Each structure stands twice: as structure tokens, then as C-alpha cells.
Amino acid sequence: MHVLITGAGGFLGKGLIIPFEERSDKLRLMDVASFSSPHETVIGDVADLDTVMKAAAGVEAIVIAHMAPRTNNAYDFPTKPFDINVKGTANLFHAAVKNNIKAVVLISSTSVMEYCKGDIHPHDAPPQSKGYYGLTKVCQELIAESFALEHGIRVACLRVGYIVDGDKNVDKYGRKIEERAALDTDRRDIGEVARLFLERKDLAFERFTVMSAPEAMISWDLRYTCERLNWKPKYDFSWLRLPPQK
Ligand SMILES: NC(=O)c1ccc[n+]([C@@H]2O[C@H](COP(=O)([O-])OP(=O)(O)OC[C@H]3O[C@@H](n4cnc5c(N)ncnc54)[C@H](O)[C@@H]3O)[C@@H](O)[C@H]2O)c1
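Note that the structure is predicted; figures quoted are calculated from it, not measured. (Residues numbered from 1 in each chain as written. Predicted model: local features only at pLDDT ≥ 70, side-chain atom pairs only at ≥ 80, totals over all residues. Heavy atoms only, no water.)

## Some words on the site of the ligand
This is how it is decided: One heavy atom within 4 Å of a molecule or strand makes the whole residue count as near it. Distance and chemistry together define a polar contact, namely a pair of N or O atoms within 3.5 Å, with one atom able to donate a hydrogen and the other to accept it when in protein, and with adjacent residues in sequence counting only for side-chain atoms on both sides. Here the accessible surface of atoms and residues is derived via Shrake-Rupley with a 1.4 Å probe, and residues count as covered only by protein chains that are part of the display. Using only the protein atoms, space was sampled on a 1 Å grid; points where a 1.4 Å probe fits but cannot get out form cavities, open sets with protein on both sides within 12 Å along at least five of seven lines form pockets, and lining residues are those with an atom within 4 Å of a point. The rule for placing a molecule in a cavity or pocket is simple: more than half of its atoms must lie within 2 Å of the grid points.
Near the ligand there are 24 residues, and of these L12, D31, D45, Y133 and K137 occur at the shortest range. Between a nitrogen atom of the ligand and a main-chain N or O atom of V46, the distance comes to 3.0 Å. The contact in question runs from an oxygen atom of the ligand to an N or O atom on the side chain of K172, over 3.1 Å. Considered on its own, the ligand offers 820 Å² of accessible surface; in the complex 89% of this is hidden by protein. Taking a 2 Å distance to the grid points as the criterion, the majority of the atoms of the ligand fall inside the largest pocket.

This is the structure in C-alpha cells:
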């Protein structure tokens, strides 16, 4: 499969591509910041429709994994988060329709389940959040669902937990992770869930929670992801100790 991945030079992108590489998928990697890769790369802004139209030409699927950087207090104001996260997502879905691309994976976040009540968070809880980051993730999911309904694009929204590089046990900011937490999610597990969905031509619109540690099963409806996609987290952080019981 020929897949366009946005935000590919970022923390998630660098690990998300691994399962695709292992299956020898053809990748076109897009980011606004330049990065080196053996794959075809597009350096450009997702907020620019012309650039996105060119980036999407000829691919069969898109994985949307970019986000506005958190630098300079960007999330204290709506401008950058909405320009990059929301407009960028709408541009990519528009380009999908125009290029007859039939499948898209949106990297969402558990932040869209901010107001979820109950012991277990349903995988398909209506997206609701607060703050500009959470709001842009809600808007991304609404755009995704709307294009799925109106244009018949197959879409998965992956509500991912706290992303960790399971080889180095560090998060996006380089902070060392010493203890395992329920939300810990390895980048490669996210990539594998994305890949499995793209392969499943019988699935239309889906919302999945994606986490790697077994403790996630207690509060998050991870069972649905496992059963629906015949998937099991591969990088379960069993090498990290659990926090002491209180
Ligand atoms: N890091 C986490 O713990 C976490 C948790 C839940 C969800 N997510 C989601 O994962 C996705 C990736 O996040 P990340 O942590 O890898 O962030 P990141 O900042 O490391 O990567 C995002 C990438 O997007 C690129 N980008 C920024 N503006 C762009 C633009 N205008 N056009 C094209 N590319 C642009 C950046 O250059 C960067 O490489 C986001 O959708 C985020 O909401 C992350």
C-alpha cells in the first residue's frame, strides 16, 4: 500500500512508520520541518491546501499524525492549533476526496474523552474536551466522521494514550519513564493498529483506544481494539516496574 503520513518527522511519526516498513509498504512522509529518511519525503505545511493536494496525489491511504508544536505557549491561543491541527486535517480529507483516496487514519487522543464517566471509558464515547489542544482533537474527529459519512471514506480515529519510545523509555520531551503507567503507548503499537485498520476494507468508521500497558484494560475499552483488529500490544512495558501500591 502507498501511504502518506503527516507529521512523519515528529516523535510519533518516527516510530509509527516501523510496522509499515516491516510490511514493505510504500511511504510518502510529510512534515513542515526537514528530516532525513530513506523514503519519499514532502516538506510542506498541511495548512496549505495546494501543498496538501500535491502531497496526496497518487497515494492510497493517509495517516494524519501532525500537530502544532507546543513551543511559545502556542496552545494558549487558538491560532496555531486550529490552523495546523484542524485546517490541516480538513485539507487532508479534502485532498483524499479529490484524489479518490479511500482510507484515512487520524491520530486522535484520549483527551477527547475528557468528560467520560464510569469505570471504563467506551472506545466510541462522543468526543468532548477542553482547552485548545483538546478542542482541536475534537474538531479533527468531527471532520473525520463527517467525511466518512458524506464521502464514504473509511476512517479510524485512534485515541492514543501517552506516547513513549519503548526502546529508550523516554517521552516526546526526552523525559525518562521509570515506572509503568496505564496510558503508556509505544509508537510502534500505534503504527501497527493504523496499518491493520488500513488493511481491513470491511471497516467503515471506527474509534479505537490504543495503549500498550496491560493496566490500560482496567479503565479503557482496549478490548474492542484487540478483538476488532485481531491485535495485541507488542510493547507492553513489562520491563518497567509498577508504581508502589498506596
Ligand atoms: N505525544 C503524546 O504523548 C501524544 C499523546 C496523544 C496523542 N498524540 C497525538 O500524536 C500526534 C503526533 O504527536 P507527537 O507527540 O509526535 O508530536 P510532535 O510535535 O513530536 O510531532 C508533530 C510533527 O508535526 C509536524 N508539523 C507541525 N506543524 C506542521 C505543519 N504545519 N505541517 C506539517 N507538519 C507539521 C512537526 O514538525 C512535527 O514533526 C498528534 O496528533 C498528537 O495529538 C500525542
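## Points about the side chain of T225
Threshold: A helix here means a DSSP run of H or I that spans at least four residues, while a strand means a run of E at least two residues long, and both kinds are numbered starting from the N terminus. Here the term buried applies to any residue with accessible area under 20% of the maximum for its type, exposed to any over 50%, and partly exposed to those in between, with areas from a 1.4 Å probe on protein chains only. Whether two residues are in contact is decided by their heavy atoms, any of which lying within 4.5 Å being enough.
Considering the arrangement of structural elements, one finds T225 in helix α7 (residues 222-229). Looking at T225, the relative accessible area reads 0%, which means it is buried. Beyond its immediate stretch of four places on either side in the chain, T225 contacts V193, F208, T209, N230 and W231.

## Details of the packing of aromatic side chains
Quick note on the threshold: For this analysis, a ring pair means two rings from Phe, Tyr or Trp (six-membered ring only for Trp) whose centres lie within 6.5 Å, classed as stacked if their planes differ by under 30 degrees, edge-to-face if by over 60, and tilted for the remaining angles. Criterion for a charge above a ring: Arg CZ or Lys NZ at most 6 Å from the ring centre, at most 35 degrees from the ring normal.
Applying the stated criterion across every chain, the model contains six aromatic pairs. Plain terms: the ring middles of F237 and W239 are 5.3 Å apart, the flat faces sit at 40° to each other, and that makes the pair tilted. Through pairs of rings, three or more aromatic residues link up here, namely F197, F208 and Y224. Lying over the aromatic face of Y75, R70 brings its terminal NZ or CZ to 4.8 Å of the ring centre. Lying over the aromatic face of Y235, R188 brings its terminal NZ or CZ to 3.7 Å of the ring centre.

Keep in mind these numbers describe shape, not what the thing actually does.
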